[in-house]
Amino acid sequence: MALIDIFNNLANPTRFLALTNRVLPWLTALTVIVLVYGLYRVAYAPDDYQQGATVKIMFLHVPAAWLAMMGWGLMAVAAFGTLVWRHPLADVAARAAAPIGAAFTFICLVTGSLWGRPMWGTYWVWDARLTSVLVLFLLYLGMLALYWTAEDPNRSARAAAILALVGAINIPIIKFSVDWWNTLHQPASVIRMGGSAIDPSILVPLLIMALAFTLLFLLLLLLNMRNEILRRRVRSMRMMQAASI
Amino acid sequence: MTLGPHASFIVAAYIVTVVVVISMIAWILRDYAAQRRILGDLEQRGIKRRSQASRGDET
Amino acid sequence: MNALLALLLRDMRLATRVGGGALMGALFYFVVVSMIPFAIGPDLNLLARIGPAVLWIGALLASLLALDRLFASDHDDGSLDLLTMSTLPLELTVAAKAIAHWLTTALPLIVITPVLGLMLNVDMSAMGFVALSLVAGTPALTFIGLIGAALSVTLRRGGLLMAILVLPLTVPVLIFGVAAANAAIVGPAPFGPPFTILCALSLASFVLGPFAAAAALRQGQE
Amino acid sequence: MTSDSTRLVCENLACERGGRLVFSGINFAVKAGEALILTGRNGAGKSTLLRVVAGLLRASAGRIKLTGGIDEMGTAEQAHYQGHLDAIKPSLTVAENLQFWARFLGAPADASIEPALEAVDLAALADLPAAYLSAGQKRRLSIARLLAVKRPLWLLDEPTSALDTQSQGRLAAFMRQHLAGGGLILAATHGPIGLDAPRELKMGAAG
């Protein structure tokens, strides 16, 4: 019952704003602490015997990849909220998550490319992992373009929700097909990363960084959701203003 | 901590990440300020939201 | 001059506001070029060889498809009537719109070209020349496409019809654009001659395009 | 810009569209301070005639001449055309919309659009994107264009549509003011337009 109460409370944008404003300072502090600690652990993590110090890029790359996928997952869940329960905050959350997810996907791509250069001798190979992240990035850009072309949230909400769900169903298929495509074509010169079990001295800092990035994502999401709620408030007030004259 | 022969790539990766995150934060905060400003402006003109106009007051 | 500047600024503003078309061209370009390796395979040597051609085809499609609504949206809301009733010659009005369109659509496309070049394994220093060939060549695409945009207002059928009408006209631009880019990457032919011809094509279409487009718009009002 | 000697003369006008003769043999003259109202059933060619005078359609016969204005300018460049569409961009604000048309249609660079917005009672909404406006408000914004840039000849196609009675009254006042300043009005309308005893041209009666 308490859960339903929380849900109903959250459904009201005004209460959500109040809650957000209360949570924000704590979340900010927590994010900073975890991030600083994570970076400290990263600084003292040992080098990989194969990749040397470049393994430090992994501490950015892997959490960013994780958030790229989590972002879309979040949008897909929110899409359910929009389509099935018509939860008023679901579309706000989806809309706020799209640019942040796209930004983390971008970070993932750039760090991957900067990692690839010393490892593979080129900034970009059409490696299965990088390529599927690229497709995810294209999907994010499409979502941003969709939001960009229709300002009216009532009109774009359902379209965006459908796109998010179709994307969520499609992403595993894309991943699979890219793997298949890649094994058909890929020249053998590429050194594959991972493979062996990761040593705890690297795994622990990685997990801490993943947690820090996740907190950062949540922080940005809350901030952006707050903006989105205000934007909708501005919209409804402007409608009142236009009608008042 | 030594960064080995590929230090520039490692540093570049961290710089890019920091730049992207910072610019995202700046964008969000600027957007927030802008929305607050417009809202304040509208409120100053005595415009109310639909929910306020119909229900009277809201806590 | 004042009026032209006002039109230029308005069109750029419209493109960058919500619902505007700025960046859509660049986005389309990015998506199309990213799709090519999936069809061709991830062989970096092959990609490097066809890279300039892929970039040019992408730029061609992106700048033409983005032109679709250039006049149609002004026609639909009645702005086009007023635009033709100005003291300015219609040719200048049309040219100002095209310039605004180039600035908001083609320029972002050129800016992201180096990133796409990386993905196609095109050499970084050669990438500069490819971007330069695009800077020289895309105005020709915009101003030739302008004619198609004006015709599609008359025919009330945008998009594909416009592409069918205009694509054959852009053949010379494509030939010399890719030639210039290839010269920069593989050689041995010098970069200069095709690049100069590309500039000439842009200048010629800068003169010709607005006249043809204005004529098409005038006919369209009949 | 307008002088008392301005005069619009149309002689033996005919217009053909899609192989059909919309009207022919139209003769009229409007002099400064005078309004001519075009009436007639639907399809009689009122809108077409206005578009022909505005230079948006070509006449198949006859000639249009605006004398006494600025010599080197054609009729279209000295006319305001207010058609069925409002020529307003929803993503620009009210002020930006008007500012653009004022500058594009040749208002002096330092001219303020403020008075025109005041006159149509949209000044309070100046910073609002035009997407929020109702149909009547959009129409008022497009009427503000007539006030922001001075042009001697007003070509109005159903100017009162989408306007409430108060706004119709305001428009009538603008028109009287324009006429008093030596302007000319050519308007197509079905109902009364608020001018006292304007001259009338009944279209479609002869053919």
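Procedures and definitions
As a convention, each chain's residues are numbered from 1 in the sequence order in which they are written. For naming, the first written chain is A and the first written ligand is 1, with later ones following in the order written. Given that the model is predicted, a residue must reach a pLDDT of at least 70 before its local features are reported, and side-chain atom pairs must reach 80 or more before they are shown or counted; all residues, however, enter totals for whole chains, interfaces and linings. Computation of side-chain values covers all heavy atoms of the structure but excludes hydrogens and water. The helix count covers DSSP runs of H or I at least four residues long, the strand count covers runs of E at least two residues long, and both are numbered beginning at the N terminus. Only protein chains enter the area calculation, which uses a 1.4 Å probe; residues under 20% of their type maximum are buried, those over 50% are exposed, and those in between are partly exposed. Pairs of residues are marked as contacts when any of their non-hydrogen atoms sit within 4.5 Å. What sets the accessible areas is the Shrake-Rupley method with a 1.4 Å probe; for residues, cover comes only from the shown protein chains. Two distance rules govern patches: like charges are joined within 9 Å, and nonpolar side chains (Val, Leu, Ile, Met, Phe, Trp, Tyr) within 5 Å, applied only to residues with over 30% relative accessible area and no salt bridge. Just to be clear on terms, a salt bridge is a Lys or Arg side-chain nitrogen sitting within 4 Å of an Asp or Glu carboxyl oxygen. Two strands are counted as paired when DSSP detects at least two bridges linking them. To get an axis, a line is fitted to the C-alpha atoms, and for a helix only the part in contact is used. The angle between two axes follows their N-to-C directions and goes from 0 to 180 degrees. Aromatic pairing here means that ring centres of Phe, Tyr or Trp (its six-membered ring) are within 6.5 Å. Orientation follows from the plane angle: under 30 degrees is stacked, over 60 is edge-to-face, and everything else is tilted. Counted as a polar contact is a pair of N or O atoms within 3.5 Å, where, for protein atoms, one must be capable of donating a hydrogen and the other of accepting one, and residues adjacent in sequence contribute only when both atoms are in side chains. Here pLDDT means the predictor's own confidence in every residue, given as a number from 0 to 100. Geometric relationships in this document are graded by angle, where less than 35 degrees denotes roughly parallel, more than 145 denotes roughly antiparallel, 65 to 115 denotes roughly perpendicular, and other angles denote oblique. Definitions for this section: a left-handed crossing has its near helix turned counterclockwise from the far helix by less than a right angle. A right-handed crossing has that turn clockwise.

Q: Is there a simple way to think about the overall build of chain A in this case?
A: Assigned secondary structure in chain A consists of seven helices and zero strands. Helices (α) and strands (β) of chain A occur, in sequence order from the N terminus, as α-α-α-α-α-α-α. Out of the 245 residues belonging to chain A, those deemed buried represent 53%. A fraction of 82% describes how many contacts in chain A between residues 6 or more apart in sequence connect residues 24 or more apart. Summed over all atoms, the accessible surface of chain A reaches about 11,300 Å², with 71% contributed by carbon and sulfur.

Q: What should I look at first to understand the overall build of chain B in this one?
A: When its secondary structure is counted, chain B shows two helices and zero strands. Residues classed as buried in chain B amount to 27% of the 59 residues present.

Q: Before we go on, may I ask you to explain a nonpolar patch on the surface in this structure?
A: Residues and elements named next belong to chain C. A cluster of nonpolar side chains, namely Ile 99, Phe 206, Val 207 and Phe 211, defines an oily patch on the protein surface of about 360 Å² accessible area. It is helix α10 (residues 192–220) that contributes the most residues to the nonpolar patch, three residues altogether. On the basis of relative accessibility, which here comes to 31%, the residue Ile 99 falls in the partly exposed class.

Q: Would you mind showing me how to read the sheet that holds strand β2 (residues 20–31) of chain D here?
A: Within a sheet, each strand pairs with its neighbour through backbone hydrogen bonds, oriented either parallel or antiparallel. Residue and element names in this part refer to chain D. As summarised here, the arrangement of the three strands in space is β2-β1-β4, forming an open sheet in which the pairing is antiparallel. Of all strands in the sheet, those with a lone pairing partner are β2 and β4 (61–67), marking the two edges. Strand-to-strand, the axes of this sheet are offset by a mean angle of 15°, without reference to chain direction. Bridge count for strand β1 (residues 7–17) against β4 is six bridges, and the pairing is antiparallel. By the bridge assignment, Val 9 is partnered in β4 with Lys 65. Along the sheet, helix α1 (residues 46–53) contacts β1, β2 and β4; its crossing angle with β1, the most-contacted strand, is approximately 120°.

Q: I keep staring at the packing of aromatic side chains and nothing clicks. Help me out?
A: The geometry of an aromatic ring pair is captured by two quantities: the separation of the ring centres and the angle between the planes. Scanning all chains against the criterion turns up 14 aromatic pairs over all chains. Ring geometry for A:Trp126 and C:Phe38: centres 5.8 Å apart, planes at 80°, overall edge-to-face. A residue pair is termed interchain when its members come from two chains, as with A:Trp126 in the loop between α4 (88–120) and α5 (128–149) and C:Phe38 in helix α2 (residues 24–40). Seen in terms of ring centroids, D:Phe100 and D:Trp101 are 4.7 Å apart; in terms of plane orientation they differ by 55°. Their pairing is tilted. Across this residue pair, the class does not change: D:Phe100 and D:Trp101 are buried. Three or more aromatic residues link up through ring pairs in this structure, and these residues are A:Tyr37, A:Tyr40 and A:Tyr44.

Q: Would you mind going over the pattern of salt bridges with me for this structure?
A: Pairing is possible between side chains of opposite charge, provided their charged atoms come close. Throughout the structure, instances matching the rule amount to 20 salt bridges over all chains. As a salt-bridge pair, B:Asp31 and A:Arg231 come within 3.0 Å of each other at their nearest N and O atoms. Taken together, the residues span two chains, with B:Asp31 in helix α1 (residues 7–44) and A:Arg231 in helix α7 (residues 200–244). Between C:Glu91 and C:Arg218 there is a salt bridge; the shortest N-O distance is 3.4 Å. Of this pair, C:Glu91 sits in helix α6 (residues 90–119) while C:Arg218 is found in helix α10, placing the two residues 127 residues apart along the sequence. Judged by relative accessible area, which is 16%, C:Glu91 ranks as buried. If you follow the salt bridges from partner to partner, you end up with A:Asp91, A:Arg95, A:Glu228, A:Arg231, A:Arg232 and B:Asp31 in one network.

Q: Looking at this structure, how should I read the arrangement of the chains?
A: The interface with the most contacts, out of five pairs of chains in contact, is the one formed by chains A and B. Structurally, chain B and chain C remain out of contact, their C-alpha atoms never closer than 14 Å.

Q: What am I meant to see in the environment of C:Leu60 here?
A: Residues and elements named next belong to chain C. For Leu 60, the position within the fold is in helix α3 (residues 44–65). Residue class for Leu 60 comes out buried when judged on its relative accessible area of 6%. Counting along the chain gives 85 residues from Leu 60 to Gly 145, while the straight-line C-alpha distance between them is 9.8 Å. With residues up to four places along the chain from it excluded, the contact list for Leu 60 reads Leu 141, Leu 167, Thr 170 and Leu 174.

Q: Whenever I open this one, the side chain of D:Thr39 confuses me. Can you help?
A: Residue and element names in this part refer to chain D. In this fold, Thr 39 is placed in strand β3 (residues 35–39). Using a relative accessible area of 12% as the deciding quantity, one classes Thr 39 as buried. What Thr 39 contacts, discounting residues up to four positions off in sequence, is Lys 46, Thr 189, Glu 200, Leu 201, Lys 202 and Met 203.

Q: Just to check I follow, could you spell out the side chain of C:Ser34 for this structure?
A: Inspection of the secondary structure assignment puts C:Ser34 in helix α2. In terms of polar contacts, C:Ser34 uses its side chain to reach the backbone carbonyl oxygen of C:Phe30, at 2.5 Å.

Q: Please clarify how unusual backbone geometry should be interpreted in this entry.
A: Most of the time, phi is negative for any residue but glycine, and the peptide bond is trans. Residues and elements named next belong to chain D. Not every positive phi belongs to a glycine, and Ala 87 is a case in point at roughly 55°. Of the residues examined, Ala 87 reaches a relative accessible area of 2% and is grouped as buried. The backbone of Glu 158 sits at a positive phi, close to 50°, despite the residue not being glycine. Note that Glu 158 resides in the loop between β6 (153–157) and α5 (165–180). Its relative accessible area of 15% is what places Glu 158 among the buried residues.

Q: Whenever I open this one, the sheet that holds strand β5 (residues 79–82) of chain D confuses me. Can you help?
A: Residue and element names in this part refer to chain D. Ordered by their spatial adjacency, five strands build an open sheet running β5-β6-β7-β3-β8, and the pairing between neighbours is parallel. Of all the strands in the sheet, just β5 and β8 (199–202) have a single pairing partner and so form its edges. Taken over all neighbouring pairs, the strand axes of this sheet differ in orientation by 15° on average, direction set aside. With four bridges connecting them, β3 and β8 associate as parallel partners. Paired with Leu 36 across the strands is Arg 199, a residue of β8. In this fold α1 packs onto β3, β5, β6, β7 (184–188) and β8, with an angle of close to 150° to the strand it touches most, β6. The strands touched by α5 are β3, β6 and β7; relative to β7, the strand with the most contacts, the crossing angle is about 145°.

Q: Looking at this model, I keep getting lost on the confidence of the model for chain B. Mind explaining?
A: Close inspection of predicted coordinates is inappropriate in any region flagged by low pLDDT. Residue and element names in this part refer to chain B. Taken residue by residue, chain B gives an average pLDDT of 78. The fraction at 70 or more is 75%. Confidence over residues 53–59 falls short of pLDDT 50; this stretch has nine contacts with residues more than four positions distant or in other chains. Both scores are given for the predicted complex: the pTM is 0.86, the ipTM 0.83.

Q: How should I be thinking about the packing of helix α1 (residues 2–16) of chain C against helix α2 (residues 94–104) of chain D in this particular structure?
A: Axis angle and axis distance: for two packed helices, these are the angle between their axes and the distance between the axes, and together they describe the pair. Running from N to C, α1(C) and α2(D) point in directions that differ by 150°, and their axes come no closer than 8 Å. Compared by their axis directions, α1(C) and α2(D) come out roughly antiparallel. Crossing angle aside, the handedness with which α1(C) passes α2(D) is left-handed. In this structure, α1(C) uses C:Asn2, C:Ala3, C:Leu5, C:Ala6, C:Leu7, C:Arg10 and C:Arg13 to contact α2(D), whose residues at the interface are D:Glu96, D:Phe100, D:Trp101, D:Arg103 and D:Phe104.

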